Amino acid sequence: MVSWPEEYGGRDASLLEWLVFEEEYYAAAAPVRVGQNGLFLLAPTLFAHGTAEQRDRLLPPMARADQVWAQAWSEPEAGSDLAAIRSSAARTDGGWLLSGTKTWSTRAAFADKAFGLFRSDPGAGRHRGLTYLMFDLRADGVTVRPIRQLGGETGFAARSLSQVCGADVVAGGPAADSAAARAFEAGVLAAAAQLLGTGRALLDAGVRHARQRTQFGQPIGAFQAVKHHLADMAIGLEFARPLLDAAALALAAGAATAPRDVSAAKVACADSAHRAARAALQVHGAIGYTQEHDLHLWLTKVRALAGAWGSQAWHRARVMAAIAAGGELACD
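Residues numbered from 1 in each chain as written. Predicted model: local features only at pLDDT ≥ 70, side-chain atom pairs only at ≥ 80, totals over all residues. Heavy atoms only, no water.

Enquirer: Please provide a residue-by-residue account of the packing of aromatic side chains, values included.
Expert: Considering all chains together, one arrives at 13 aromatic pairs under this definition. Centroid distance tyrosine 8 to phenylalanine 47: 5.4 Å. Interplanar angle 50°. Geometry classified as tilted. Of the two residues, tyrosine 8 sits in the segment before α1 (15-27) while phenylalanine 47 sits in helix α2 (residues 36-49), which places them 39 residues apart along the sequence. On the basis of relative accessible area, tyrosine 8 is assigned to the partly exposed category, the value being 22%. These aromatic residues form a ring-pair network of at least three members: Trp69, Trp73, Phe115 and Tyr132. Directly above the ring of phenylalanine 118 sits lysine 102, whose terminal nitrogen or CZ lies 4.7 Å from the centroid. (Phe/Tyr/Trp six-rings, centres within 6.5 Å; stacked < 30°, edge-to-face > 60°. Helix = DSSP H or I, 4+ residues; strand = E, 2+ residues; numbered from the N terminus. Buried < 20%, exposed > 50% of the residue type's maximum accessible area, 1.4 Å probe, protein only. Lys NZ or Arg CZ within 6 Å of the ring centre and 35° of its normal.)

Structure, rendered in C-alpha coordinates:
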(Lines give C-alpha, C1' and ligand atoms only; values in the text may rest on other atoms or scores of the structure.)
Protein backbone atom coordinates (compact mmCIF):
# COMPACT_ATOMS: atom_id res chain seq x y z
CA MET A 1 0.00 0.00 0.00
CA VAL A 2 3.01 2.33 -0.01
CA SER A 3 1.99 3.69 -3.42
CA TRP A 4 -1.64 4.35 -2.45
CA PRO A 5 -2.77 7.94 -1.80
CA GLU A 6 -2.61 8.95 1.85
CA GLU A 7 -6.40 9.38 2.01
CA TYR A 8 -6.73 5.62 1.49
CA GLY A 9 -4.07 4.72 4.06
CA GLY A 10 -1.05 4.69 1.76
CA ARG A 11 2.14 6.75 1.67
CA ASP A 12 1.68 8.24 -1.80
CA ALA A 13 5.02 6.77 -2.93
CA SER A 14 6.18 7.20 -6.52
CA LEU A 15 6.67 4.23 -8.84
CA LEU A 16 10.41 4.29 -8.24
CA GLU A 17 9.96 4.48 -4.47
CA TRP A 18 7.57 1.52 -4.58
CA LEU A 19 10.12 -0.56 -6.51
CA VAL A 20 12.78 0.30 -3.91
CA PHE A 21 10.37 -0.99 -1.28
CA GLU A 22 9.79 -4.21 -3.25
CA GLU A 23 13.51 -4.82 -3.61
CA GLU A 24 14.12 -4.33 0.11
CA TYR A 25 11.07 -6.43 1.02
CA TYR A 26 12.38 -9.41 -0.91
CA ALA A 27 15.97 -8.88 0.21
CA ALA A 28 14.72 -9.15 3.80
CA ALA A 29 12.91 -12.44 3.07
CA ALA A 30 9.61 -10.95 4.18
CA PRO A 31 6.54 -13.17 3.68
CA VAL A 32 4.57 -13.14 0.44
CA ARG A 33 1.52 -10.87 0.70
CA VAL A 34 -1.70 -12.69 -0.07
CA GLY A 35 -3.39 -9.52 -1.27
CA GLN A 36 -0.69 -8.16 -3.56
CA ASN A 37 -2.67 -8.62 -6.80
CA GLY A 38 -5.27 -6.21 -5.56
CA LEU A 39 -2.85 -3.87 -3.82
CA PHE A 40 -0.38 -3.46 -6.70
CA LEU A 41 -2.37 -4.14 -9.88
CA LEU A 42 -6.07 -3.47 -9.38
CA ALA A 43 -5.88 -0.56 -6.92
CA PRO A 44 -3.78 1.73 -9.18
CA THR A 45 -6.25 1.03 -11.99
CA LEU A 46 -9.16 1.97 -9.75
CA PHE A 47 -7.38 5.19 -8.77
CA ALA A 48 -6.89 6.09 -12.44
CA HIS A 49 -10.10 4.78 -14.04
CA GLY A 50 -12.53 3.59 -11.37
CA THR A 51 -15.44 5.45 -9.87
CA ALA A 52 -15.55 6.89 -6.36
CA GLU A 53 -18.19 4.27 -5.51
CA GLN A 54 -15.91 1.45 -6.66
CA ARG A 55 -12.97 2.78 -4.67
CA ASP A 56 -15.03 3.22 -1.50
CA ARG A 57 -16.53 -0.25 -1.88
CA LEU A 58 -13.45 -2.26 -2.86
CA LEU A 59 -10.35 -0.62 -1.37
CA PRO A 60 -11.07 -0.95 2.39
CA PRO A 61 -11.61 -4.76 2.34
CA MET A 62 -8.66 -5.06 -0.07
CA ALA A 63 -6.39 -3.20 2.36
CA ARG A 64 -7.52 -5.42 5.25
CA ALA A 65 -7.06 -8.58 3.12
CA ASP A 66 -10.72 -9.42 3.78
CA GLN A 67 -11.07 -9.89 0.02
CA VAL A 68 -8.32 -11.61 -1.96
CA TRP A 69 -8.04 -10.79 -5.66
CA ALA A 70 -6.73 -12.94 -8.50
CA GLN A 71 -5.56 -11.60 -11.85
CA ALA A 72 -7.16 -12.85 -15.07
CA TRP A 73 -4.67 -11.95 -17.79
CA SER A 74 -3.13 -15.08 -19.28
CA GLU A 75 -5.04 -17.45 -21.54
CA PRO A 76 -4.02 -20.80 -23.08
CA GLU A 77 -3.31 -19.20 -26.47
CA ALA A 78 -2.29 -15.73 -25.29
CA GLY A 79 0.47 -16.01 -22.68
CA SER A 80 2.02 -12.59 -22.11
CA ASP A 81 0.40 -11.11 -25.24
CA LEU A 82 -2.63 -9.26 -23.86
CA ALA A 83 -3.73 -8.38 -27.40
CA ALA A 84 -4.28 -12.09 -28.16
CA ILE A 85 -7.03 -12.45 -25.55
CA ARG A 86 -10.07 -14.44 -26.71
CA SER A 87 -12.26 -14.61 -23.59
CA SER A 88 -15.40 -12.63 -24.35
CA ALA A 89 -17.62 -10.13 -22.58
CA ALA A 90 -21.10 -9.51 -24.01
CA ARG A 91 -23.28 -6.66 -22.77
CA THR A 92 -26.72 -7.76 -21.57
CA ASP A 93 -29.68 -6.12 -19.87
CA GLY A 94 -28.25 -7.15 -16.50
CA GLY A 95 -24.69 -6.02 -17.18
CA TRP A 96 -22.06 -8.29 -18.75
CA LEU A 97 -21.87 -11.99 -19.63
CA LEU A 98 -18.36 -13.51 -19.47
CA SER A 99 -17.13 -16.64 -21.27
CA GLY A 100 -13.70 -18.16 -21.91
CA THR A 101 -10.68 -19.62 -20.14
CA LYS A 102 -8.02 -17.94 -18.03
CA THR A 103 -4.90 -19.78 -16.88
CA TRP A 104 -1.85 -19.31 -14.65
CA SER A 105 -3.94 -17.00 -12.54
CA THR A 106 -2.10 -16.15 -9.35
CA ARG A 107 -4.07 -16.75 -6.13
CA ALA A 108 -7.14 -17.90 -8.04
CA ALA A 109 -7.14 -21.19 -6.12
CA PHE A 110 -8.25 -19.36 -2.96
CA ALA A 111 -9.19 -15.82 -4.07
CA ASP A 112 -12.64 -14.26 -3.71
CA LYS A 113 -12.70 -12.08 -6.83
CA ALA A 114 -10.75 -11.54 -10.03
CA PHE A 115 -10.01 -8.79 -12.53
CA GLY A 116 -8.80 -8.91 -16.11
CA LEU A 117 -9.30 -8.13 -19.78
CA PHE A 118 -12.06 -9.51 -22.00
CA ARG A 119 -12.79 -9.01 -25.67
CA SER A 120 -16.04 -7.09 -25.95
CA ASP A 121 -15.80 -6.21 -29.67
CA PRO A 122 -14.49 -9.17 -31.72
CA GLY A 123 -14.42 -7.07 -34.89
CA ALA A 124 -11.96 -4.50 -33.54
CA GLY A 125 -8.17 -4.68 -33.90
CA ARG A 126 -5.92 -6.71 -31.64
CA HIS A 127 -5.31 -3.85 -29.23
CA ARG A 128 -8.89 -2.60 -29.38
CA GLY A 129 -12.32 -3.87 -28.44
CA LEU A 130 -11.23 -4.83 -24.91
CA THR A 131 -12.97 -4.21 -21.59
CA TYR A 132 -11.38 -4.31 -18.13
CA LEU A 133 -13.77 -6.17 -15.82
CA MET A 134 -14.01 -7.47 -12.26
CA PHE A 135 -16.02 -10.56 -11.35
CA ASP A 136 -16.81 -12.88 -8.44
CA LEU A 137 -14.96 -16.22 -8.47
CA ARG A 138 -17.86 -17.81 -6.58
CA ALA A 139 -20.44 -16.81 -9.17
CA ASP A 140 -22.39 -19.44 -11.09
CA GLY A 141 -20.52 -20.56 -14.18
CA VAL A 142 -16.99 -20.13 -12.75
CA THR A 143 -14.91 -23.31 -12.49
CA VAL A 144 -11.52 -23.04 -10.76
CA ARG A 145 -8.91 -25.76 -11.33
CA PRO A 146 -5.81 -25.36 -9.09
CA ILE A 147 -2.44 -25.92 -10.79
CA ARG A 148 -0.12 -27.92 -8.57
CA GLN A 149 3.52 -26.78 -8.76
CA LEU A 150 6.69 -28.82 -8.24
CA GLY A 151 6.80 -27.90 -4.56
CA GLY A 152 3.21 -29.05 -4.06
CA GLU A 153 1.73 -25.54 -3.72
CA THR A 154 -1.38 -24.48 -5.62
CA GLY A 155 -0.91 -20.73 -5.81
CA PHE A 156 -1.93 -20.72 -9.48
CA ALA A 157 -5.14 -21.91 -11.08
CA ALA A 158 -6.96 -22.12 -14.40
CA ARG A 159 -10.54 -20.89 -14.62
CA SER A 160 -13.32 -21.64 -17.03
CA LEU A 161 -16.05 -19.03 -17.39
CA SER A 162 -19.36 -20.12 -18.83
CA GLN A 163 -22.01 -17.41 -19.15
CA VAL A 164 -20.91 -15.68 -15.94
CA CYS A 165 -23.13 -12.73 -15.00
CA GLY A 166 -22.58 -9.70 -12.80
CA ALA A 167 -19.20 -8.38 -13.92
CA ASP A 168 -18.20 -4.87 -12.86
CA VAL A 169 -16.58 -2.57 -15.45
CA VAL A 170 -13.39 -0.72 -14.55
CA ALA A 171 -12.59 0.67 -18.00
CA GLY A 172 -13.61 0.13 -21.60
CA GLY A 173 -12.39 1.07 -25.05
CA PRO A 174 -8.92 2.64 -25.34
CA ALA A 175 -8.85 3.22 -21.58
CA ALA A 176 -9.08 -0.56 -20.96
CA ASP A 177 -6.05 -1.30 -23.11
CA SER A 178 -4.12 1.56 -21.51
CA ALA A 179 -5.05 0.45 -17.99
CA ALA A 180 -4.17 -3.17 -18.65
CA ALA A 181 -0.89 -2.26 -20.35
CA ARG A 182 0.08 -0.02 -17.44
CA ALA A 183 -0.78 -2.75 -14.91
CA PHE A 184 1.20 -5.31 -16.92
CA GLU A 185 4.30 -3.11 -17.13
CA ALA A 186 4.07 -2.37 -13.41
CA GLY A 187 3.81 -6.10 -12.70
CA VAL A 188 6.90 -6.78 -14.81
CA LEU A 189 8.85 -4.07 -12.98
CA ALA A 190 7.72 -5.40 -9.60
CA ALA A 191 9.01 -8.86 -10.54
CA ALA A 192 12.29 -7.30 -11.68
CA ALA A 193 12.70 -5.44 -8.37
CA GLN A 194 11.83 -8.60 -6.45
CA LEU A 195 14.44 -10.54 -8.44
CA LEU A 196 17.01 -7.90 -7.59
CA GLY A 197 16.15 -8.16 -3.90
CA THR A 198 16.26 -11.96 -4.02
CA GLY A 199 19.65 -11.78 -5.76
CA ARG A 200 20.94 -9.58 -2.95
CA ALA A 201 19.70 -12.09 -0.39
CA LEU A 202 21.56 -14.85 -2.25
CA LEU A 203 24.72 -12.74 -2.27
CA ASP A 204 24.42 -12.10 1.47
CA ALA A 205 23.88 -15.81 2.10
CA GLY A 206 26.94 -16.67 0.01
CA VAL A 207 29.11 -14.16 1.85
CA ARG A 208 27.95 -15.42 5.26
CA HIS A 209 28.66 -19.03 4.34
CA ALA A 210 32.06 -18.15 2.88
CA ARG A 211 33.01 -16.51 6.17
CA GLN A 212 31.77 -19.37 8.36
CA ARG A 213 32.73 -22.47 6.36
CA THR A 214 36.35 -23.47 6.82
CA GLN A 215 38.58 -25.67 4.70
CA PHE A 216 42.30 -26.29 5.00
CA GLY A 217 42.29 -24.30 8.22
CA GLN A 218 40.77 -21.07 6.88
CA PRO A 219 37.38 -19.67 5.73
CA ILE A 220 36.60 -20.63 2.15
CA GLY A 221 36.05 -16.94 1.44
CA ALA A 222 39.82 -16.53 1.62
CA PHE A 223 40.23 -18.54 -1.58
CA GLN A 224 40.43 -16.51 -4.77
CA ALA A 225 37.99 -18.67 -6.74
CA VAL A 226 35.27 -18.13 -4.13
CA LYS A 227 36.01 -14.40 -4.02
CA HIS A 228 35.56 -14.25 -7.81
CA HIS A 229 32.14 -15.92 -7.59
CA LEU A 230 30.94 -13.48 -4.94
CA ALA A 231 32.36 -10.47 -6.77
CA ASP A 232 30.65 -11.53 -10.00
CA MET A 233 27.34 -11.82 -8.13
CA ALA A 234 27.68 -8.29 -6.71
CA ILE A 235 28.72 -6.76 -10.06
CA GLY A 236 25.86 -8.42 -11.94
CA LEU A 237 23.26 -7.14 -9.49
CA GLU A 238 24.68 -3.61 -9.51
CA PHE A 239 24.71 -3.53 -13.30
CA ALA A 240 21.02 -4.51 -13.40
CA ARG A 241 19.83 -1.78 -11.03
CA PRO A 242 20.28 1.20 -13.43
CA LEU A 243 18.09 -0.56 -16.01
CA LEU A 244 15.37 -1.03 -13.40
CA ASP A 245 15.54 2.61 -12.29
CA ALA A 246 15.53 3.89 -15.88
CA ALA A 247 12.53 1.72 -16.76
CA ALA A 248 10.61 3.01 -13.74
CA LEU A 249 11.27 6.61 -14.72
CA ALA A 250 10.28 5.92 -18.35
CA LEU A 251 7.02 4.25 -17.31
CA ALA A 252 6.18 6.99 -14.82
CA ALA A 253 6.76 9.63 -17.51
CA GLY A 254 4.66 7.74 -20.07
CA ALA A 255 7.62 7.51 -22.48
CA ALA A 256 7.05 5.67 -25.76
CA THR A 257 10.13 3.55 -25.03
CA ALA A 258 8.79 2.37 -21.64
CA PRO A 259 7.77 -1.16 -22.81
CA ARG A 260 11.25 -1.71 -24.26
CA ASP A 261 12.92 -0.40 -21.10
CA VAL A 262 10.68 -2.48 -18.83
CA SER A 263 11.52 -5.68 -20.72
CA ALA A 264 15.24 -4.84 -20.69
CA ALA A 265 15.06 -4.36 -16.90
CA LYS A 266 13.29 -7.68 -16.42
CA VAL A 267 15.87 -9.52 -18.52
CA ALA A 268 18.81 -7.89 -16.71
CA CYS A 269 17.40 -8.47 -13.20
CA ALA A 270 16.36 -12.06 -13.93
CA ASP A 271 19.72 -12.92 -15.49
CA SER A 272 21.69 -11.41 -12.62
CA ALA A 273 19.51 -13.14 -10.01
CA HIS A 274 19.83 -16.45 -11.86
CA ARG A 275 23.62 -16.14 -11.95
CA ALA A 276 23.59 -15.21 -8.26
CA ALA A 277 21.54 -18.33 -7.52
CA ARG A 278 23.99 -20.59 -9.37
CA ALA A 279 27.02 -18.98 -7.73
CA ALA A 280 25.45 -19.13 -4.25
CA LEU A 281 24.78 -22.82 -4.75
CA GLN A 282 28.39 -23.40 -5.78
CA VAL A 283 29.66 -21.54 -2.72
CA HIS A 284 27.41 -23.55 -0.41
CA GLY A 285 28.04 -26.89 -2.06
CA ALA A 286 25.74 -29.88 -1.54
CA ILE A 287 24.08 -28.42 1.55
CA GLY A 288 22.44 -25.82 -0.67
CA TYR A 289 20.31 -28.51 -2.29
CA THR A 290 18.76 -29.67 0.97
CA GLN A 291 15.43 -28.51 2.35
CA GLU A 292 17.06 -28.13 5.74
CA HIS A 293 18.94 -25.10 4.41
CA ASP A 294 17.14 -21.84 3.53
CA LEU A 295 19.05 -21.50 0.27
CA HIS A 296 16.58 -23.75 -1.57
CA LEU A 297 13.83 -21.20 -0.88
CA TRP A 298 15.78 -18.48 -2.67
CA LEU A 299 16.65 -20.77 -5.57
CA THR A 300 13.01 -21.68 -6.24
CA LYS A 301 11.92 -18.06 -5.77
CA VAL A 302 14.33 -16.90 -8.48
CA ARG A 303 13.06 -19.55 -10.87
CA ALA A 304 9.44 -18.56 -10.23
CA LEU A 305 10.02 -14.81 -10.55
CA ALA A 306 12.12 -15.18 -13.70
CA GLY A 307 9.16 -16.77 -15.46
CA ALA A 308 6.55 -14.43 -14.02
CA TRP A 309 5.04 -11.68 -16.18
CA GLY A 310 6.58 -13.04 -19.36
CA SER A 311 9.46 -15.40 -20.00
CA GLN A 312 12.99 -14.20 -20.61
CA ALA A 313 12.66 -15.21 -24.26
CA TRP A 314 9.46 -13.16 -24.63
CA HIS A 315 11.02 -10.06 -23.10
CA ARG A 316 14.18 -10.39 -25.19
CA ALA A 317 12.01 -10.64 -28.30
CA ARG A 318 10.11 -7.52 -27.24
CA VAL A 319 13.35 -5.57 -26.80
CA MET A 320 14.57 -6.70 -30.22
CA ALA A 321 11.25 -5.78 -31.83
CA ALA A 322 11.47 -2.30 -30.30
CA ILE A 323 15.04 -1.82 -31.50
CA ALA A 324 14.08 -2.97 -35.01
CA ALA A 325 11.16 -0.49 -34.96
CA GLY A 326 13.43 2.38 -34.00
CA GLY A 327 13.14 2.19 -30.23
CA GLU A 328 9.38 1.98 -29.84
CA LEU A 329 6.91 -0.88 -29.90
CA ALA A 330 4.42 -0.64 -32.70
CA CYS A 331 0.77 -1.50 -32.01
CA ASP A 332 -1.62 -2.51 -34.80
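Additional details are given in the paragraphs that follow.
Enquirer: Lay out helix α8 (residues 312-324) in plain terms, naming residues and giving numbers.
Expert: Compared with the 18 Å implied by 1.5 Å per residue over 13 residues, the 18 Å span of α8 between its first and last C-alpha is a close match. Within the span of α8, buried status applies to Gln312, His315, Arg318, Val319 and Ala322. Along the axis of α8, the buried positions cluster into a sector of 125°, meaning they face one direction only. The outward face of α8, more than 90 degrees from its buried face, is lined by the exposed residues Ala313, Met320 and Ala324. Summarising the contacts, the buried residues of α8 are in contact with α4 (174-212), α6 (258-284) and α7 (295-307). (Expected span 1.5 Å × (residues − 1). Arc of directions from axis to C-beta. Contact = heavy atoms within 4.5 Å.)

Enquirer: Tell me about the pattern of salt bridges, and name the residues and values.
Expert: As enumerated under the stated definition, the model contains 14 salt bridges in all. For glutamate 75, the salt bridge identified is with lysine 102, shortest N-O distance 2.8 Å. On the criterion of sequence distance, the pair formed by glutamate 75 in the loop between β1 (69-72) and β2 (88-92) and lysine 102 in strand β3 (residues 95-106) is long-range, its members being 27 residues apart. A salt bridge links glutamate 185 to arginine 318, with the shortest nitrogen-to-oxygen separation between them at 2.9 Å. Taken together, the positions of glutamate 185 in helix α4 and arginine 318 in helix α8 put the pair 133 residues apart, joining distant regions of the chain. Given the relative accessible area of 7%, glutamate 185 is considered buried. Salt bridges sharing partners connect three or more residues here, namely Glu23, Glu24, Arg200, Glu238 and Arg241. (Salt bridge = Lys/Arg side-chain N within 4 Å of Asp/Glu carboxyl O.)

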